[in-house]
Amino acid sequence: MADAMRAQVGALLKGIDRYNPENLVTLEKYINMQAQENTYDLEANLAVLKLYQFNPNHYQTTVAAQVLLKALTNLPHTDFTLCKCLIDLNKQEEEPIMKVMHIAEMLEMCQFKSFWECLKIDQELSASVHVITGFEDSIRKFVCHVVSTTYQTIPFDTLTELLGNIPESQVKQWISKYGWSLQNDGNIYITNQEENIKTKNITEKITFESVAGIMAAYK
Amino acid sequence: MWSDEPPASFAPPEYYPAYPQPGATDYDAHRYVTMLNRISTLSVPHVNDLTEQCYIIYKGDPRQDLEYERQYAQQTPSYIVPDVIKNFLMVFQKAINDQNLYEIQNAYENGFNKLTDRFFKTTPWPESEIIAPIVQNDHTFLVLYKELYYRHIYARVQTGPTLEQMFESYYNYCNLFNFILNAEGPVHLELPNQWLWDIIDEFIYQFQCFSIHRSKIGKKSEDEINVLRGHPKIWNVHSVLNVLHSLVEKSSINRQLEVYTSGGDPESVAGEFGQHSLYKMLGYFSLIGLLRLHSLLGDYYQALKVLESIDFNKKNMYSRVPACQITTFYYVGFCYMMMRRYQDAIRTLSNVLLYIQRTKQMFQSRAQLYDQITKMNDKMYTLLAQCLVLHPMRIDESVHSQLREKFADKMLRMQKGDIEEFTSNFSFACPKFLSPVPPNYDTPSVVNHKEPFMLQHKVFIDEVQQQILLPTIRSYLKLYTTLPLSKLAGFMEMPVEELKTHLMCFKHKMKNVVWTKGTSGLEGEFQSASEVDFYIDKDMIHIADTKVARRYGDFFIRQIHKFEEITRSLKQVN
């Protein structure tokens, strides 16, 4: 279903026809589908924002908010920034866009604890997020990505907190999904970072031939 | 006069015009007849013994209001075209009719500019109606002449083009593109690549000027606003996109580039039109035009997407116009910067800056191009400085030394987190963003023509704000190979928990998508090539730095030269 739709939309966006506002109905439906079925198509979503840019009277706040939330599910990619560049400043100050902008900033700064708290407290926000199937797990994926690049070992409790205080059994699922291992001391061993993160030495290499050329010029 | 509708194929029905459309030439014919009628009423005194200095400019202040201009245009101008201009135009026309590319290029690059400096430094060239009799009303030539005529007004006439001239120039581009695109077979016209690039470049530039002009409604008279309101189709974004897309399609340039990249013969897929240099090059330049246009609208994804068939790592036959090369790299670099792909931005910008450094002398004889390149050069150094502050890494030595020379202070201020400095650099180096839609003419007080700039500026500054502490953290990390979390937290005057968040942010922001292979500039994989890297193990930060040994090559070469000089002077003493 999603694949068929992707192909159909892909054809719609070919050439000059991508600027046809009559396509908006189909494209907006497609965004809805992405939200429900947990699929993602950045190009189509940007095309919608572009159509809004060209036809401001067609603009729909809820759709724009969905596009932005979907973009967050693709972190660490910078899709959110790309979307932000196409939404007028005054529209960024409307709700729920403003709230989405706020959580995006927390995520970009890796303030995961504050993010989960915010999501818990703010009813309106969690209602918007709820529409996006698998949103929270997508964010957890991003958390795991950041953890896997930053830590060699991380305390179990810290990870639990970063993942939004989910039950222990679920944390363990994430650990096994990424091939990490829980050690006896309560730390999780991520990977051997020493292998990847090494001091680089850059030295100048001058070959005899290149010096010979200069010397030969003076005889 | 403004009741003229643009040609059918450029009048967007509701959202965009279909292409090609029958009847597109009707308008053309209509305008042409009108023009001929106007010409027949002109009496151009034929005076041979005039010295060049007697040249009379009949046009008054180009800043007249529209009504006045209209009346004025109907009057019979007493206008005398000096012989030297006449001769030039006839030679120019002959070169185009003979399709002598060398002569066309000579007239275009030398003749026209020399005469401009001599006679039309700040005033317009004679109107096409006046020169029409000189070139026997040669339609093609007059359209091309007008392209130069309006471009010159935009560039040289201090007051800039009037609204009327903006409209007329738009109509002229419509005529030109209709002529090229709506012909049944390929038109028999070849022009130098430089000119073809200039046509596309100028077409977008004028669209940009018009859009910005249109959005500054605070200063406009009611009449002018009414004229704008009455002509929403002129310089409409859909028309501009349509022209570029049509040129891309007509030339099959994407297919050609794909075949070229895979080592095949592009001619085999070029089709009837794409085989001709005119179509092929206009197609290629339109891709670059689309890159620019999408960037101006803040659509960086689409901007890079349109270039997907171009292989920048392979020397290509299309890259012989330096201005086009430089424009391409500037916008690609800018897009990457906005997408937080700093490593790609740095690679793109330093490549082109090196290219400029090595080829700059070649352009010294062409003043206008030289100025343009110098300006772009400064903008790109500024962008590079910004990217390197956000993502320090090693770059080419000669580009680096230029950067140190010119931007050391600015970079230091940015490293210290001076947002003002980022702001001023961004506004200096960014393209002129624009809004694709007309402002709300009914509420002139709330329309802010700087809005498109402010949006892109905000996105960039938000990003900088998120990273603002990273340079400070980096400067501490650089001093150690291992550093306890608590110690760094002390330096940073923050709790360990907060520091951990910043360290994760550091890693997240320094891991960029980097292009690795293929022609698509959008593809890539996550890499971190930043100078300082680290990982956390329990309570300890382990740091990996990039150490650069002292360079001795330059030193030895200098000594070799010095020694040689000494021996030479010793010989002379003997």
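Here the structure is a predicted model, which means the values were calculated and not measured.

Draft legend 1. Inspection of empty space enclosed by the protein at higher detail. Residue and element names in this part refer to chain A. A complete count under the given rule lists eight cavities of 30 Å³ or more for this structure. Y52, Q53, P56, Y59, L86, I87, D88 and K91 are the residues that line the second largest cavity. For the lining of the second largest cavity, the per-class residue count stands at five nonpolar, one polar and two charged.

Draft legend 2. Representation of the interface of chain B and chain A. Contacts between the two partners involve 66 residues from chain B, matched on the other side by 62 residues from chain A. Between chain B and chain A, the buried area comes to about 5,900 Å², and carbon and sulfur atoms account for 63% of it. When the buried area of chain B at its contact with chain A is split by residue, M504, H508 and Y535 of chain B rank highest and sum to 12% of it. Viewed at the interface, chain A and chain B are joined by five salt bridges. Among the salt bridges present, the one from K509 of chain B reaches E108 of chain A, with a minimum N-O distance of 2.6 Å.

Draft legend 3. Seen up close, the sheet that holds strand β4 (residues 533-537) of chain B. Pairing within the open sheet is mixed, and its six strands lie in the order β2(A)-β3(A)-β1(A)-β4(B)-β5(B)-β1(B). Two strands lie at the open edges of the sheet, namely β2 (181-182) of chain A together with β1 (482-484) of chain B, each paired on one side alone. Across two bridges, strand β1 (residues 151-155) of chain A lies against β4 of chain B in parallel orientation. Its bridge partner lying in β4 of chain B, Y151 of chain A is registered against I536 of chain B. Where helix α10 (residues 135-150) of chain A meets the sheet, it contacts β1 of chain A together with β4 of chain B, and its direction lies at approximately 120° from that of β1 of chain A.

Draft legend 4. View of the UniProt feature "domain: PCI" (unreviewed entry) in chain A. The feature "domain: PCI" (unreviewed entry), as given by UniProt, occupies residues 40-205 of chain A in the numbering adopted here. As annotated, residues 40-205 of chain A comprises 61% helix and 8% strand, and the C-alpha atoms at either end are separated by 48 Å.

Draft legend 5. Structural context of the pairing of β4 of chain B. Residue and element names in this part refer to chain B. With five of five residues buried, β4 lies mostly within the body of the structure. On β4, burial covers both faces: D533, Y535 and D537 on one face and F534 and I536 on the other are all buried. Connecting β4 to the antiparallel partner strand β5 (residues 540-544) that follows it, the hairpin turn spans two residues, and K538 within it adopts a positive phi of roughly 55°.

Draft legend 6. Quick peek at the nonpolar core. Residues L72 and F112 of chain A together with F92, W195, W235, M337 and L477 of chain B are the most contacted members of the largest nonpolar core, which totals 242 residues. Each of two domains, domain 1 (1-133) and domain 2 (136-210) of chain A, supplies a minimum of three residues to this core. Among all residues touching F112 of chain A, those that are not within four sequence positions of it are L107, F142, V143, V146 and L162 of chain A together with M504 of chain B.

Draft legend 7. Spotlight on the domain arrangement of chain A. Residues and elements named next belong to chain A. What the domain assignment lists for chain A is domain 1 (1-133) and domain 2 (136-210). Relative placement of domain 1 and domain 2: their C-alpha centres are 29 Å apart. Taken together, the contacts link 11 residues of domain 1 with 12 residues of domain 2. Roughly 1,100 Å² is buried in total at the junction of domain 1 and domain 2, and carbon and sulfur atoms are behind 79% of that figure. In terms of surface lost to domain 2, no three residues of domain 1 exceed P76, F112 and W116, which account for 50% of the buried area on that side. Counting across the domain 1 and domain 2 interface gives zero salt bridges. At the boundary of domain 1 with domain 2, the tally comes to one residue pair in polar contact (both at pLDDT 80 or more). Considering each element in turn, the side of domain 1 that touches domain 2 owes the most residues, five residues, to helix α8 (residues 112-121). Residue composition of the side of domain 1 that touches domain 2, by class: nine nonpolar, one polar and one charged.

Draft legend 8. Expanded view of the packing of helix α16 (residues 342-359) of chain B against helix α17 (residues 367-390) of chain B. Residue and element names in this part refer to chain B. In contact at an axis separation of 9 Å, α16 and α17 are set at 145° when each is read in the N-to-C sense. Of the two elements, α16 crosses α17, and the hand of that crossing is left-handed. Contacts from Y342, A345, I346, L349, V352, L353, I356 and Q357 in α16 reach I373, N377, M380, Y381, L383, L384, C387, L388 and L390 in α17. Looking at the contact of α16 with α17, its residues break down into 15 nonpolar, two polar and no charged.

Draft legend 9. Just unusual backbone geometry, in detail. All names here are of chain A. Cis geometry marks the peptide bond from L75 to P76; its omega dihedral reads 5°. For P76, the position within the fold is in the loop between α4 (61-72) and α5 (79-84). For C110, which is not glycine, the phi torsion reads 60° and is therefore positive. Checked against the element boundaries, C110 lands in the loop between α7 (97-108) and α8.

Reading the values: rules and limits
- Residues numbered from 1 in each chain as written.
- Chains lettered and ligands numbered in written order.
- Predicted model: local features only at pLDDT ≥ 70, side-chain atom pairs only at ≥ 80, totals over all residues.
- Heavy atoms only, no water.
- 1 Å grid on protein atoms, 1.4 Å probe; cavity = no way out; pocket = protein on both sides within 12 Å on 5 of 7 lines; lining within 4 Å.
- Points joined across faces, edges and corners; volume = space filled by probe spheres on them.
- Nonpolar A, V, L, I, M, F, W, Y, C, P; charged D, E, K, R; others polar.
- Contact = heavy atoms within 4.5 Å.
- Buried area = accessible area lost by both parts, 1.4 Å probe.
- Salt bridge = Lys/Arg side-chain N within 4 Å of Asp/Glu carboxyl O.
- Pairing = 2+ DSSP bridges.
- Helix = DSSP H or I, 4+ residues; strand = E, 2+ residues; numbered from the N terminus.
- Axes fitted to C-alpha atoms, helices over the stretch in contact; angles between N-to-C directions.
- UniProt positions renumbered as here; feature names shortened; annotations may be inferred.
- Buried < 20%, exposed > 50% of the residue type's maximum accessible area, 1.4 Å probe, protein only.
- Core = buried A, V, L, I, M, F, W, Y, C linked by side-chain atoms within 4.5 Å.
- Domains from an automatic or database assignment.
- Polar contact = N/O pair within 3.5 Å; in protein donor to acceptor, adjacent residues only side chain to side chain.
- Left-handed = near helix turned anticlockwise from the far one by under 90°.

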